[in-house]
Amino acid sequence: MNKAIRIIHDEHRSISAVLSGLKELALAARDPKVQPEFAVFHAMIHYIDEFPERLHHPKEDNFLFARLAERAPETRPLVEELRAEHVLGAKLVRDLESALLAFEVNGVRDAAAFDAAVNAYAKFHWEHMRKEEKQLMPLAERHLTEADWRWIEGAFAGNEDPIADLRERDFADLFRRIVGLAPAPVGVADRWRRSP
Ligand SMILES: [Fe+2]
Ligand SMILES: [Fe+2]
């Protein structure tokens, strides 16, 4: 596996880890006796909103997808479909935020709707990542040249872009914050309090 594809895979694994944790906690929060800490939900949704938008999708849209569409015009419909999913994903995160807000304001009667929104988003995003890994990446490996990969890897490394480098570190910090805020076994914080 080349370096650029490994970076995309690693970023998918980070997004998946947050999505799995979010699913588990949204389900746990449906229990009327549980008193969830909403800070962890906010941090997780912030991550799945900002990380793809600021760091992950630009790598795909501007470099990997762009070069593949140039080299192999027959891949354009797939590339366009994935790009459209990036736009749709950002809208679905807004729905997730509204569902969280309703849950926070109205309490447990809106917990099931939040859980449903989390599951819908996670399913959408997993299918998107699977499509990239199973369909797009094999095509990229087939059609891109060594020089293309060097160009893509150079852009991903962000060596000449200190802002991109700072962003990488910010997201690593946010990821650690999520682990610190999430109750065990998702993270390392104490389990949520339960009313008697
Ligand atoms: Fe993507
Ligand atoms: Fe992706």
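As the structure is a prediction and not an experimental result, all values here were calculated from the model.

Peer 1: How would you sum up the coordination of the iron ion (ligand 2)? Please name residues and give values.
Peer 2: Only H12 (NE2), H56 (NE2), E60 (OE) and E132 (OE) from the protein coordinate the iron ion (ligand 2), and they sit 1.9 to 2.2 Å from it. The iron ion (ligand 1) is placed at 3.0 Å from the iron ion (ligand 2), the two being bridged by E60. Of this pair, H12 sits in helix α1 (residues 3-28) while E132 sits in helix α4 (residues 111-143), and the two are 120 residues apart along the sequence. Comparing H12 with E132, the two get one shared label, buried.

Peer 1: Mind laying out the packing of α1 against helix α2 (residues 38-71), listing which residues take part and the relevant values?
Peer 2: Here α1 crosses α2 at 160°, and the two axes come no closer than 10 Å. One element, α1, and the other, α2, form an angle in the roughly antiparallel class. By crossing handedness, the relation of α1 to α2 is classed as left-handed. Here I7, I8, E11, H12, S14, I15, V18, L19, G21, L22, L25 and A26 of α1 come into contact with α2, specifically with V40, F41, M44, I45, Y47, I48, F51, P52, L55, H56, K59 and E60.

Peer 1: How would you summarise the coordination of the iron ion (ligand 1) if you had to cite specific residues and measurements?
Peer 2: Here the iron ion (ligand 1) is held by the protein donor atoms E60 (OE), H86 (NE2), H128 (NE2) and E132 (OE), which lie 1.9 to 2.2 Å from it. Between the 4 donor atoms coordinating the iron ion (ligand 1), the angles at the centre fall across 84 to 172°, so the site counts as irregular. Read in sequence order, the donor residues coordinating the iron ion (ligand 1) give the pattern E-x25-H-x41-H-x3-E.

Peer 1: So what's going on with the packing of aromatic side chains? Which residues, and what values?
Peer 2: Taken as a whole and assessed by the stated rule, the structure comprises 12 aromatic pairs. Judged by centre distance (6.1 Å) and plane angle (55°), the rings of F38 and F41 are tilted. Taken together, the residues span about one helical turn, with F38 and F41 both in helix α2 at a distance of 3 residues. You can call F38 buried: its relative accessible area is 15%.

Peer 1: An account of the nonpolar core is requested, with residue identities and associated values reported.
Peer 2: Counting 35 residues, the largest nonpolar core has L22, F41, Y47, I48, L96, F103 and F114 as the members making the most contacts within it. Listing elements by their share of this core, those giving two or more residues are α1, α2, α3 (76-106), α4 and α6 (162-181). The element best represented in this core is α2, accounting for 10 residues. Ignoring any residue separated from it by four or fewer positions in sequence, one finds F114 in contact with L22, A26, F41, I45, L96, A99, L100 and F103. Counting residues in hydrophobic clusters, the runner-up holds 18 residues, among them V79, L82, A140 and F156.

Definitions and limits used
Residues numbered from 1 in each chain as written. Chains lettered and ligands numbered in written order. Predicted model: local features only at pLDDT ≥ 70, side-chain atom pairs only at ≥ 80, totals over all residues. Heavy atoms only, no water. Donors = N, O, S within 2.8 Å, 3.2 Å for Na, K, Ca; no water. Helix = DSSP H or I, 4+ residues; strand = E, 2+ residues; numbered from the N terminus. Buried < 20%, exposed > 50% of the residue type's maximum accessible area, 1.4 Å probe, protein only. Axes fitted to C-alpha atoms, helices over the stretch in contact; angles between N-to-C directions. Parallel < 35°, antiparallel > 145°, perpendicular 65-115°, else oblique. Left-handed = near helix turned anticlockwise from the far one by under 90°. Contact = heavy atoms within 4.5 Å. Tetrahedral: all angles 85-135°; square planar, octahedral: opposite > 155°, others 65-115°. Phe/Tyr/Trp six-rings, centres within 6.5 Å; stacked < 30°, edge-to-face > 60°. Core = buried A, V, L, I, M, F, W, Y, C linked by side-chain atoms within 4.5 Å.

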